[in-house]
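# Observations on the three-dimensional arrangement
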Amino acid sequence: MVDGRERKTRIVVHSKIDHISESVAELWQSLSTKAIRHQRPFAAALSGGTTPEPLYRHIAETVQPSLWEHTHIFPVDERMVPHDHEDSNFRLIDTALLSRIKIPEKNVHAVSTTAATASEAAALYDKELVSFFSLKKSMRPRFDLVLLGIGEDGHTASLFPGMKHLVDEKKLVVASESDNAPHARVTLTMPVINNASTVVFAVTGGRKAPIIKAILQDRDIALPASLVAPEDGELIVLLDREAASLLTKDLILIQHELGKVPFRRK
Ligand code: 6PG
């Protein structure tokens, strides 16, 4: 169990993905308005995979256009493929979000997948973070929002089960790979994720129910997603009812528009 995680974790179950999208877009609008009111840019790190596409589209449609000028978008992780490859996370973020909004080019930060190796690409992305966040030695970036998914094996970002030094990794960005996921990867490390002020997991579908139970209910710390616990921030877990179907009711703090949901009784 990760100390203190219960205190700062909000698990919300929505009846469908559209409501998860609305929830993330509202959060985005409010966090970015707050950052900009304090005369800071709003920095968000976004995941790839399949789940976030409707979320990004909804964000593009509903977030107030004037906020984009002050918003900086970073990838949580990237696969080492060209940016126009169908497996590219940049391509997903570009198609669903960037191409639909007016955001200055300099506000879009990407992993340079033309680098010779994933380690080189990781080093370049590290430099980009150090420069944007004006980091001195051993400082970590503080993202306003990190949006994560969870794989059926319990990975998050491209931090896979079995990777060494997940919580005590000194680097900001590392290269990674897994037999269960395509392509070499570049990923933000767990300490960077846990330094964010808000981290959101968005997870849908019955196939994810067992891993969601293992992470949220059983607290299996062998699973990288179990190690996400912002040190000075909040973790919000947004699930649809299928992904939440193996959780006991007492764990869920807020249920939206659930109707009769077959929660397991303790
Ligand atoms: C990636 C991701 C990864 C993803 C999960 C969930 O590039 O693969 O960033 O961590 O979020 O694998 O993916 P789905 O949304 O496709 O289930």
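Residues numbered from 1 in each chain as written. Predicted model: local features only at pLDDT ≥ 70, side-chain atom pairs only at ≥ 80, totals over all residues. Heavy atoms only, no water.

Moving on, we get to the site of the ligand. The local shell around the ligand holds 16 residues, among which Thr50, Thr51, Arg79, Ala157 and Lys208 are the closest. Within the contact set of the ligand, an oxygen atom lies 3.2 Å away from a backbone nitrogen or oxygen of Gly48. In the model, an oxygen atom of the ligand is placed 3.2 Å from a nitrogen or oxygen of the Arg185 side chain. Protein burial of the ligand: of its 410 Å² of free accessible surface, 89% is covered by the chains. (Near = heavy atom within 4 Å. Polar contact = N/O pair within 3.5 Å; in protein donor to acceptor, adjacent residues only side chain to side chain. Areas by Shrake-Rupley, 256 points an atom, 1.4 Å probe, with all protein chains shown as cover.)

The strand order across the open sheet formed by three strands is E4-E7-E6, and the pairing between neighbours is antiparallel. Edge strands, defined here as strands with exactly one partner in the open sheet, are strand E4 (77–79) and strand E6 (173–178). Within the sheet, the average angular offset between the axes of one strand and its neighbour, ignoring direction, is 25 degrees. Note that E4 and strand E7 (residues 181–188) share three bridges and pair antiparallel. By the bridge assignment for E7, Arg79 is matched with Arg185. (Pairing = 2+ DSSP bridges. Helix = DSSP H or I, 4+ residues; strand = E, 2+ residues; numbered from the N terminus. Axes fitted to C-alpha atoms, helices over the stretch in contact; angles between N-to-C directions.)

Looking now at the pattern of salt bridges. Summed over the entire model, instances satisfying the criterion amount to seven salt bridges. Across the pair Arg142 and Asp232 runs a salt bridge whose closest N-O atoms are separated by 3.9 Å. Separated by 90 residues along the polypeptide, Arg142 in the loop between helix H5 (118–132) and strand E5 (145–148) and Asp232 in the loop between helix H7 (209–217) and strand E9 (234–240) bring together distant segments of the chain. For Arg142, a relative accessible area of 35% corresponds to the partly exposed category. By relative accessible area, Asp232 is classed as exposed at 55%. (Salt bridge = Lys/Arg side-chain N within 4 Å of Asp/Glu carboxyl O. Buried < 20%, exposed > 50% of the residue type's maximum accessible area, 1.4 Å probe, protein only.)

Inspection of every chain in the model, using the stated rule, returns seven aromatic pairs. Ring plane angle 85 degrees and centroid distance 4.9 Å describe the contact between Phe132 and Phe133, whose orientation is recorded as edge-to-face. The class of Phe132 is partly exposed, set by a relative accessible area of 23%. Classification of Phe133 by relative accessible area gives buried; the value is 18%. (Phe/Tyr/Trp six-rings, centres within 6.5 Å; stacked < 30°, edge-to-face > 60°.)

Before going further, it helps to examine the nonpolar core. Residues Leu129, Phe143, Leu148, Val186, Phe201, Leu216 and Leu239 are the most contacted members of the largest nonpolar core, which totals 51 residues. With residues near it in sequence (within four places) discarded, Leu239 still touches Ile11, Val12, Val13, His14, Ile20, Val203, Ile212, Leu216, Ala244 and Leu247. By size, the runner-up hydrophobic cluster in this structure holds 33 residues, among which are Ala25, Leu46, Ile59 and Leu145. (Core = buried A, V, L, I, M, F, W, Y, C linked by side-chain atoms within 4.5 Å. Contact = heavy atoms within 4.5 Å.)

Packed helices, taken two at a time, are described by the angle their axes make and the gap between the axes. In contact at an axis separation of 8 Å, helix H3 (residues 53–62) and helix H4 (residues 89–96) are set at 40 degrees when each is read in the N-to-C sense. Between H3 and H4 lies a crossing of right-handed hand. Across from Glu53, Tyr56, Arg57 and Ala60 in H3, the residues of H4 making contact are Leu92, Ile93 and Ala96. Residue classes in the contact of H3 with H4 are distributed as five nonpolar, no polar and two charged. (Left-handed = near helix turned anticlockwise from the far one by under 90°. Nonpolar A, V, L, I, M, F, W, Y, C, P; charged D, E, K, R; others polar.)

Another aspect to go through is the environment of Ala43. Here Ala43 is to be found in strand E2 (residues 42–46). Here Ala43 falls in the buried class, since its relative accessible area comes to 3%. If we skip the residues at most four places from it in the chain, Ala43 touches His72, Phe74, Phe132, Phe133, Phe143, Asp144 and Leu145.

Keep in mind these values describe shape, not function.
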